[in-house]
Amino acid sequence: MTSVTDPPQGSFRLSMLINDTRYRSYTFQFIALVLLIGFMAYLGINLVSNLAAQGLNISFGFLGDPAGYDINQTVVEYDSQSSHLRAAVVGIINTLIVAFLACVTATIFGVIAGVLRLSNNWVVRKLMAFYVEIFRNIPVLIWIIIIFSIMTVSMPAPRDFRGDDATAGMLFDAFAFTNRGVYSPAPVIDGASGWIVIGVFIASIIGIFAYRRYATKKLYDTGQLLPMLWPSVALFFVPVILAYFILGRPITLDYPSLQGFNFQGGLHLRGSLIALWFALAIYTGAFIAENVRAGIQAISKGQTEAAASLGLRPGRIMNLVILPQALRVIIPPLISQYLNITKNSSLAIAVGYMDVTSTLGGITLNQTGRAIECILLLMLFYLTISLLISAVMNVYNNSVKLKER
Amino acid sequence: MKKTAFYGALTVAGFAASMASAATLDDVKERGTLNCGVTTGLIGFASPDANGVWDGFDVGVCRAVAAAVLGDPNAVEFVPTTGKTRFTALASGEIDMLARNTTWTFSRDVDLKFEFVGINYYDGQGFIAPRDLGVSSAKELDGATVCIQTGTTTELNLADYFRANNISYEPVPIETNAEGQQQYLAGACDVYTTDASGLAATRAAFENPQDHIILPEIISKEPLGPLVRHGDNDWGDVVRWTLNALIAAEELGVTSANIEELAAAPTGNPEINRLLGTEGELGAMLGLEADWAKNAIAAGGNYGELFERNIGENTPIGLARGLNAQWTDGGLLYTPPFR
């Protein structure tokens, strides 16, 4: 159908704002904008006047006052005399920790489940379909609570580890699985030589990537296929082990041990963190699996057949032909899933994990009564972090998307 | 996400809600029911029974106010609130008064703009521990894991107490009393802390209450009382003097058993006469009927009757009157005179 445009007219008349298709859309957009601004202004004025009528005001001064409460999981230094602002920072870090862990784990679950859903093996295929349908169709809050309750009820309490007739024991004398979480040995870095070992380790990881890039380049340039696996493994282990022993074993392990009421020492992964992390990972993993499946199925079957006819093995076909093309379909919805994980982590309070919603939006809000200020700060935080994740993932998306020549 | 969305909606609701009317008394009369904020369920203080009828010590205060204002103790809409939602519910006008064992503190009274109308229970924060843990004092709790209801004064008291005694602990924040009970019984925390009255009520719900001891330390003052919004003094007076009427009734020997007889005609005691409206104009001064206090007392009995029936020594909760006895019996209950 051809679109009909109005014949050009001489001068501008007011009625053209409605009748002329060139201006009509602007007119309506302008009206909508004015209405929107008016509505926002009404809400704002209403808020300010009602607050004034109740003798309240918007003030962020409370952020500098001592918080007065304790937080169990603190990465940065914090005690009950620290300020509300610091409590919020502790919460922000805890949010980022669980969001990061859950994003990584969900991606691993999702990619594995998504690829296996297309397996030729009937049992594997159906198992993965079962996983996806079960986990994405039950609300994540329920999963968080289920996992937390199972941990609390079925795992032994620390006091069960005590005495000669202990009903529970530690795994390898290093790991303790209790209903308060998992205690594991923690590495203790001993002075400068310890950091050198870590530096060597990071350098060898960079080395692995450099080697693989070199090998790929060589393959493309000369067609010569260098071995990939064993040099990577060697690079990963040999330098760091050598450095570790040459420098006199500067990194030791701090083992948890039962002292008083609890295990002391080592690394304590609290039950609340594990429940939240695991629930977010398996729940979002089910969505990511579907994204991955969609991405792979978007690649026409001809690609697989063409690659197979060239003599590539199935694993190579997936890694070299299908996934690189599928990624540009997978990445955009994957961004949404990462944002969902970050926002869903605010359900932490259900299991008492002290994320930013629990500290700033929970206890601080409650103790100071500064509801509007706290919620505004929370909104600002989640908005900022979501936009940041989006920005980073968009950069990545641009790097994998189809480059047209 | 859902929670954030909820708070977002709450904020928008805050933007949009028109100012809660200053004349709460008129609103309640017009509506015909009293919206009263209570706990989500704490046996003895406020919990619904098998038929869904709310009962308890705090509920008794709500019913007395409803009886005083509306003449009907059942004209109450109970709104369950958590430690976190209670103040928002009151400030936004969703509830007319809050009777949810809430501690009267300076900042709540002054900074949060609420009006505590009195104290209906003098409490203090304590600890409950399993007997086989072998702990006899809170000072032995170094390194213990402590379950605590988040958003309450207990959280701050706990931090102060452990800091003052220079011992460490691991807080496990929980949302409701029921959740705390579950965590504590599963051994996910060594001790549970809340107001001593709440501990007694919680322990009463355990399968084997005798296996748990309440540690002797009371680490804070927790005067619990009903509260209303700041700035509506007429309504504040109604709730304050209803509570005082319950306390005065016990002091004057007015009970639900003899109230009809005492209110039928002026008695020899002028203070009883003024209280029950057979003499003077006290009801009219509050903007209520002359028999307001009679209705309030008849609703659930006087303070002592409410106490004995809900949380007293003959109930599973088994709290002694202690500080909550009348001043004439060595307690702290002391109402200003009705004149």
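Calculation criteria
Residues numbered from 1 in each chain as written. Chains lettered and ligands numbered in written order. Predicted model: local features only at pLDDT ≥ 70, side-chain atom pairs only at ≥ 80, totals over all residues. Helix = DSSP H or I, 4+ residues; strand = E, 2+ residues; numbered from the N terminus. Rg over C-alpha atoms; globule rule 2.2 N^0.38 Å. Buried ≥ 20, exposed ≤ 12 C-beta atoms within 10 Å, placed from the backbone. Contact = placed C-beta atoms within 7 Å. Core = buried A, V, L, I, M, F, W, Y, C linked by C-beta atoms within 7 Å. Axes fitted to C-alpha atoms, helices over the stretch in contact; angles between N-to-C directions. Parallel < 35°, antiparallel > 145°, perpendicular 65-115°, else oblique. Nonpolar A, V, L, I, M, F, W, Y, C, P; charged D, E, K, R; others polar. Pairing = 2+ DSSP bridges. Domains from an automatic or database assignment. Expected span 1.5 Å × (residues − 1). pLDDT = per-residue confidence, 0-100. Left-handed = near helix turned anticlockwise from the far one by under 90°.

J.: Where do I start with the overall build of chain A in this structure?
T.: What chain A contains, in helices and strands, is twelve helices and seven strands. Taken against the 2.2 N^0.38 rule, which gives 22 Å for 405 residues, the C-alpha radius of gyration of chain A at 28 Å runs more than 25% over that of a compact globule. Projected onto its principal axes, the C-alpha positions of chain A cover 95 × 75 × 45 Å. Counting across all 405 residues of chain A, residues that qualify as buried make up 30%. A fraction of 67% describes how many contacts in chain A between residues 6 or more apart in sequence connect residues 24 or more apart.

J.: Before we go on, may I ask you to explain the overall build of chain B in this structure?
T.: Within chain B, the regular secondary structure consists of 14 helices and 14 strands. At 21 Å, chain B has a C-alpha radius of gyration in line with the 20 Å of a compact globule built from 339 residues. Taken along the three principal axes of its C-alpha coordinates, chain B extends 65 × 50 × 40 Å. Taken over 339 residues, chain B has a buried fraction of 50%. In chain B, of all internal contacts separated by at least 6 residues, the share reaching a separation of at least 24 is 73%.

J.: Please explain the nonpolar core as it appears in this structure.
T.: Note on soluble globular proteins: their nonpolar side chains tend to be buried together. Core analysis: the biggest nonpolar cluster contains 162 residues, and Leu-276 of chain A together with Cys-62 of chain B have the highest contact counts within it. Broken down by element, the residue count for this core peaks at 16 residues, all from helix H8 (residues 271–297) of chain A. Filtering out sequence-adjacent residues up to four positions away, Cys-62 of chain B remains in contact with Leu-34, Cys-36, Val-38, Val-76, Phe-78 and Ala-99 of chain B.

J.: Can you walk me through the packing of helix H3 (residues 84–116) of chain A against helix H11 (residues 356–368) of chain A in this structure?
T.: When two helices pack together, their arrangement is captured by the angle between the axes and the distance separating the axes. All names here are of chain A. Packing of H3 against H11 leaves a shortest axis separation of 7 Å and a crossing angle of 155 degrees. As the angle between them shows, H3 and H11 are arranged roughly antiparallel. Across the interface between the two elements, His-84, Ala-87, Ala-88, Val-90, Gly-91, Ile-92 and Thr-95 from H3 touch Val-356, Ser-358, Thr-359, Leu-360, Thr-364 and Thr-368 from H11. Of the residues in the contact of H3 with H11, the class split is six nonpolar, seven polar and no charged.

J.: Please explain the sheet that holds strand S1 (residues 176–178) of chain A as it appears in this structure.
T.: Through backbone hydrogen bonds, the strands of a sheet pair up, either in parallel or in antiparallel fashion. Residue and element names in this part refer to chain A. If you trace the three strands from one edge of the open sheet to the other, you get S1-S2-S7, paired in antiparallel fashion. Taken across any chain shown, the strands that pair with only one partner, and hence form the sheet edges, are S1 and strand S7 (267–270). When the angles between neighbouring strand axes are averaged without regard to direction, this sheet yields 15 degrees. Where S1 lies against strand S2 (residues 181–184), three bridges are found, and the strand directions are antiparallel. Counterpart to Thr-178 in the pairing with S2 is Gly-181. On top of the sheet, H8 reaches S2 and S7; it is set at about 60 degrees to S7, its chief contact.

J.: What's the story with the interface of chain B and chain A in this structure? I'm lost.
T.: Often, the extent of an interface is quoted as the loss of accessible area upon association of its parts. Each side of the interface is counted separately: chain B has 39 residues, and chain A has 45 residues. Contributing elements (two or more residues each) for the side of chain B that touches chain A: helix H1 (2–16), helix H4 (86–91), strand S9 (144–149), helix H6 (153–164) and strand S10 (169–174) of chain B. Of the residues forming the side of chain B that touches chain A, the biggest block, nine residues, is contributed by H1 of chain B. Along the lines of polarity and charge, the residues of the side of chain B that touches chain A split into 16 nonpolar, twelve polar and eleven charged.

J.: Just to check I follow, could you spell out the sheet that holds S9 of chain B for this structure?
T.: Residues and elements named next belong to chain B. Within the open sheet, the five strands sit side by side as S10-S9-S11-S8-S12. Their pairing is mixed. Strands at the two margins of the open sheet, each flanked by one partner only, are S10 and strand S12 (212–214). Pairs of neighbouring strands in the sheet enclose a mean axial angle of 30 degrees, with direction left out of account. The sheet contacts of H6 involve strand S8 (125–130), S9, S10 and strand S11 (191–195), and relative to S9 the element is tilted by about 155 degrees.

J.: Looking at this structure, how should I read the domain arrangement of chain B?
T.: Residues and elements named next belong to chain B. Looking at the assigned domains, one finds that chain B contains domain 1 (21–122 + 224–329) and domain 2 (125–220). Inter-centroid distance (C-alpha atoms) of domain 1 to domain 2 is 29 Å. Listed as interface residues are 18 residues of domain 1 and, on the opposing side, 16 residues of domain 2. Along the lines of polarity and charge, the residues of the side of domain 1 that touches domain 2 split into eight nonpolar, nine polar and one charged.

J.: Looking at this model, I keep getting lost on helix H13 (residues 292–300) of chain B. Mind explaining?
T.: Note on helix geometry: an α-helix contains 3.6 residues per turn, so any two residues three or four positions apart are oriented the same way. All names here are of chain B. Within H13, nine of the nine residues are buried, which leaves the element mostly enclosed by the surrounding structure. Within the sequence span of H13, burial applies to Trp-292, Ala-293, Lys-294, Asn-295, Ala-296, Ile-297, Ala-298, Ala-299 and Gly-300. Of the residues trailing H13, Gly-301 is marked for its positive phi of about 90 degrees.

J.: It is not clear to me how helix H5 (residues 140–154) of chain A should be interpreted in this structure. Could you clarify?
T.: In this model H5 of chain A runs 21 Å from its N-terminal to its C-terminal C-alpha over 15 residues, within 8% of the 21 Å that 1.5 Å per residue would give. Close packing links the buried residues of H5 of chain A with H8 and helix H10 (314–344) of chain A together with helix H7 (177–185) of chain B.

J.: Would you mind showing me how to read the confidence of the model for chain B here?
T.: Predicted coordinates in areas of low pLDDT are best not read in detail. All names here are of chain B. Looking at chain B as a whole, the pLDDT averages 87, with 94% of positions reaching at least 70. Throughout residues 1–6 the model reports pLDDT below 50, and contacts reaching past four residues in sequence, or to other chains, amount to 15 contacts. Note that residues 8–21 has pLDDT below 50 and, in this model, 19 contacts with residues that lie over four places away or in other chains. Predicted as a complex, the structure gets a pTM of 0.76 and an ipTM equal to 0.72.

J.: How do you make sense of the domain arrangement of chain A when you look at a structure like this?
T.: Domain boundaries assigned for chain A yield domain 1 (19–53), domain 2 (58–161 + 169–181 + 272–405) and domain 3 (186–254). For domain 2 of chain A versus domain 3 of chain A, the distance between C-alpha centres works out to 28 Å.

J.: Just checking my understanding: could you explain the packing of H5 of chain A against H8 of chain A for this structure?
T.: All names here are of chain A. At their nearest, the axes of H5 and H8 sit 8 Å apart, and the two run at 140 degrees to each other. Regarding the angle of H5 to H8, the classification is oblique. In the packing of H5 onto H8, the handedness of the crossing is right-handed. Between H5 and H8, the contacting residues are Val-140, Trp-143, Ile-144, Ile-147, Phe-148, Met-151 and Thr-152 on the first element and Gly-271, Ser-272, Ile-274, Ala-275, Leu-276, Phe-278, Ala-279, Leu-280, Ile-282 and Tyr-283 on the second. Residue classes in the contact of H5 with H8 are distributed as 14 nonpolar, three polar and no charged.

J.: Help me out: how do you make sense of unusual backbone geometry in this one?
T.: Most peptide bonds take the trans configuration, and most residues that are not glycine carry a negative phi. Residue and element names in this part refer to chain B. For Lys-113, which is not glycine, the phi torsion reads 65 degrees and is therefore positive. Its location among the elements puts Lys-113 in the loop between helix H5 (106–110) and strand S6 (114–116). A positive phi angle, near 55 degrees, is found at Asn-166, a position not held by glycine. Counting through the fold element by element, Asn-166 comes out in the loop between H6 and S10. By C-beta crowding, Asn-166 is classed as exposed, having 7 other C-beta atoms within 10 Å.

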